Amino acid sequence: MCGIVGYVGGKTALPILVEGLKRLEYRGYDSAGVAFVDPGGIRVTKSKGRISVLEHQINCSEGATTGIAHTRWATHGAPNDVNAHPHVDAAGRFALVHNGIIENYAALRTYLSNQGVTFATETDTEVLVQLIAHIYDGDIERTVKRALREVRGTYGIAVIAADEPDTVVAARNGSPLLVGIGDGEYIIASDASAILSHTTHVIYLGDNEVVRVSPDSIRTTTLDDIPVTKDIEEIEWSLDQIELGGHEHFMMKEIFEQPDALRDCMRGRIVPEEGSVHLGGITDVARELTRAKRIIMTACGTAWHAALVGEYLFEDLARIPTEVEYASEFRYRNPIIEDGTVVLAISQSGETADTLAALNEAKERGALALGAVNVVGSSIARSTDAGVFLHVGPEIGVASTKAFSGQVAVLAMLACYVGRRRHMSQGGASEFLTALSRIPEQITTILEQDGACKAVAAANISRENWLYLGRGYQYPVALEGALKLKEISYIHAEGLPAAEMKHGPIALITDQMPVVFLATRGTQYDKIISNIEEVRTRGGRVIAIATEGDQQIERLAEWVINVPDTIESLQPLLTVIPLQLIAYHAALLRGCNVDKPRNLAKSVTVE
Ligand code: G6P
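These figures come from a predicted structure and were not determined experimentally.

Calculation notes
Residues numbered from 1 in each chain as written. Predicted model: local features only at pLDDT ≥ 70, side-chain atom pairs only at ≥ 80, totals over all residues. Heavy atoms only, no water. Pairing = 2+ DSSP bridges. Helix = DSSP H or I, 4+ residues; strand = E, 2+ residues; numbered from the N terminus. Axes fitted to C-alpha atoms, helices over the stretch in contact; angles between N-to-C directions. Left-handed = near helix turned anticlockwise from the far one by under 90°. Contact = heavy atoms within 4.5 Å. Nonpolar A, V, L, I, M, F, W, Y, C, P; charged D, E, K, R; others polar. Near = heavy atom within 4 Å. Areas by Shrake-Rupley, 256 points an atom, 1.4 Å probe, with all protein chains shown as cover. Buried < 20%, exposed > 50% of the residue type's maximum accessible area, 1.4 Å probe, protein only. Polar contact = N/O pair within 3.5 Å; in protein donor to acceptor, adjacent residues only side chain to side chain. Parallel < 35°, antiparallel > 145°, perpendicular 65-115°, else oblique.

Enquirer: What exactly am I supposed to notice about the sheet that holds strand E19 (residues 341-347) here?
Expert: Sheets are built from strands that pair by backbone hydrogen bonding, the pairs being arranged parallel or antiparallel. If you walk across this open sheet you meet the 5 strands as E18-E17-E19-E20-E21, and the pairing is parallel. Pairing within the sheet leaves two strands with one partner each, and these edge strands are strand E18 (322-326) and strand E21 (386-389). Neighbouring strand axes in the sheet, compared pairwise and without regard to direction, differ in orientation by 20 degrees on average. Pairing between strand E17 (residues 294-299) and E19: 5 bridges, direction parallel.

In structure tokens:
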């Protein structure tokens, strides 16, 4: 999704801006651009496609020390050079980058056109910079505020003005922005990864806040000009954590990081021998959560699949009625929130617009609003009443892998935490947590089967349609496996509860159809075996994810990937791993860009 970088300070701005853009590449984009102030006015370079294309068009030794830059993911207007950001006013005195959507841009455009302003692009963003130019009163901060008071919509923006060459003004409403604080310099960014090589000290802008930075000063105010005192916070992630570390792709790095990521996620939080869970972020609401009458989990994409696992966990362990809702549906439905309803938003980025809006909707209706979020300081994390961070480190690959595992692990800890306070015995909790604590080492043994996963992908690479089937706890994993495959390899795949196959999808099965079965040992094992037989009878090609030592499966499936044994409720943490690896290899074998799949964004900050 769109990314913003801005710089003001004593250094040459362009290399810092371009480096920042590169670090934002993972979020997904279709064009990029930079603008800086030089004695002649504002200079802008922008181009469709990769940042490397843009880099070739600019002279990074250009001496300007103030500038803004952007990666765009088209919403209004096609992805091309003209519509790329930064946008400038007709006289070229102001440049602006923008994430989000100006909802009333058509009305503003008509108003400005009637005043004689001519437009160069189809974008909502150009309307805003033209408005700023039209009403400029000699003070860019004051003017930006006046302009924003006319705007309806969501935005994170950064603006520069030719007449105020040492200043960047940035503002936020619904789209993340932070300011990195260096020594005599400030870097504005929509995502911490863009500033980490320069500083770990940041302030996070809140909604309706405006910041003005110059080399020697920073000032934050509300849109109505009331000063705001901001805390300087420390970013925990290191640059090493967001670099490739010897892997070819971030996705592969993140798949292989899962044992360590889960150890980090659980560190200090569980004591298996005592059957106890310690989650500092929810201590203050423990009583309310324990007495909850109903839990609604809300999320999008992979996080929604993790939530489905969470639903099973919460009902099994905590015995609280739990529902899972797509955030995009929940926010517009007229949801019933009664006393005792707890809403839990699950999100890697903490910036997904629908999830944030769903959470706020629930809060307004009186629900206790909790979060299970990876990015500290993100919008969702800051909007919740309480929550649990995933602590799995930065996830850069667009296809989510370690965040899924972290989300499931957090939900497992949370369900056990609440379960223990309701009716779970110490012994039961101890058994559950012991199994959970063994998951990281068990994942390591699955990762050793990377070659076997690659062989499955290679043998089926020409097939255009795949099915993924699972029952109970494995049903969400089937959905996640199918999503991984389609996201990055562009092969059509569907995930289903295995029993549903006979209500339609069985008609699709031929010898051209690979069917991935989540067939680990558990309460529904025999039923899954029957489903496998049904597929075999129709010539389908069976790929089984099975429990180590299962000889029956060896006889039934064409390909078998083994996972170690664990309790049924934690099997998703193991069975998802081979599915991630199969998707990764399928995408590579098809020549796809694994980390930057077409049309997808890492963090979807628009509806
Ligand atoms: C996008 C990403 C998915 C992710 C979803 C939710 O669609 O491509 O990988 O699962 O957003 O993201 P979140 O950051 O809220 O977990």
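Enquirer: Explain the packing of helix H8 (residues 258-266) against helix H14 (residues 402-422) here, please?
Expert: Each packed pair of helices is defined by two parameters, the angle between the axes and the distance between the axes. Relative to each other, H8 and H14 sit at 35 degrees, their axes nearing to 10 Å. Considering only the axes of H8 and H14, their crossing is right-handed. Note on element contacts: H14 touches H8 through Lys402, Ser405, Gly406, Ala409, Val410 and Met413, opposite Gln258, Ala261, Leu262, Cys265 and Met266. Grouping the amino acids of the contact of H8 with H14 by side-chain chemistry returns 7 nonpolar, 3 polar and 1 charged.

Enquirer: Explain the site of the ligand to me, please; I cannot follow it from the model alone.
Expert: Near the ligand you find 14 residues, and of these Ser347, Gln348, Ser349, Thr352 and Ala601 are the closest. Coverage of the ligand by the protein amounts to 90% of the 390 Å² it exposes when considered alone. By residue number, the principal contributor to the shell around the ligand is helix H10 (residues 301-318), which donates 3 residues. Split into classes, the residues belonging to the shell around the ligand amount to 5 nonpolar, 7 polar and 2 charged.

Enquirer: For this particular structure, what's the right way to read the environment of Thr199?
Expert: Mapping Thr199 onto the fold places it in the loop between strand E10 (186-189) and strand E11 (201-204). Assessed through its relative accessible area of 7%, Thr199 is described here as buried. With 233 residues separating them in the primary sequence, Thr199 and Phe432 have C-alpha atoms 41 Å apart. Those residues in contact with Thr199 that sit more than four places away from it in its chain are Gly180, Ile181 and Gly182. Here the side chain of Thr199 touches His201 through a polar contact of 3.0 Å, landing on its backbone nitrogen.

Enquirer: Honestly, the pairing of strand E3 (residues 41-48) in this entry has me stumped. Any pointers?
Expert: Remember that side chains alternate between the two faces of the sheet whenever the strand is regular. Note that strand E2 (residues 31-38) and E3 share 8 bridges and pair antiparallel. What sits directly across from Val34, in E3, is Thr45. Connecting the antiparallel pair E2 and E3 is a turn made up of 2 residues.

Enquirer: What is the right way to read the environment of Lys293 from this model?
Expert: Within the secondary structure, Lys293 is located in the loop between helix H9 (286-290) and E17. Relative accessible area serves as the criterion here: at 58%, Lys293 is assigned to the exposed category. Once the C-alpha coordinates of Lys293 and Ala35 are considered, the two residues, 258 residues apart in sequence, prove to be 53 Å apart. Dropping the residues within four chain positions of it, Lys293 is found in contact with Ile320, Pro321, Asp339 and Gly340.

Enquirer: So what exactly am I meant to see when it comes to the packing of helix H16 (residues 450-459) against helix H20 (residues 572-589) here?
Expert: One way to put it is that H16 packs onto H20 with a least axis distance of 8 Å and a crossing angle of 55 degrees. Comparing the axis directions of H16 and H20 gives the class oblique. For the pair H16 and H20, the sense of crossing is right-handed. Residues Asp450, Cys453, Lys454, Val456, Ala457 and Ala458 of H16 form the contact with H20, whose own contacting residues are Pro578, Leu581, Ile582, His585, Ala586 and Leu589. Of the residues that constitute the contact of H16 with H20, the class distribution is 9 nonpolar, 1 polar and 2 charged.

Spatial relationships are all this shows, so hold off on functional conclusions.
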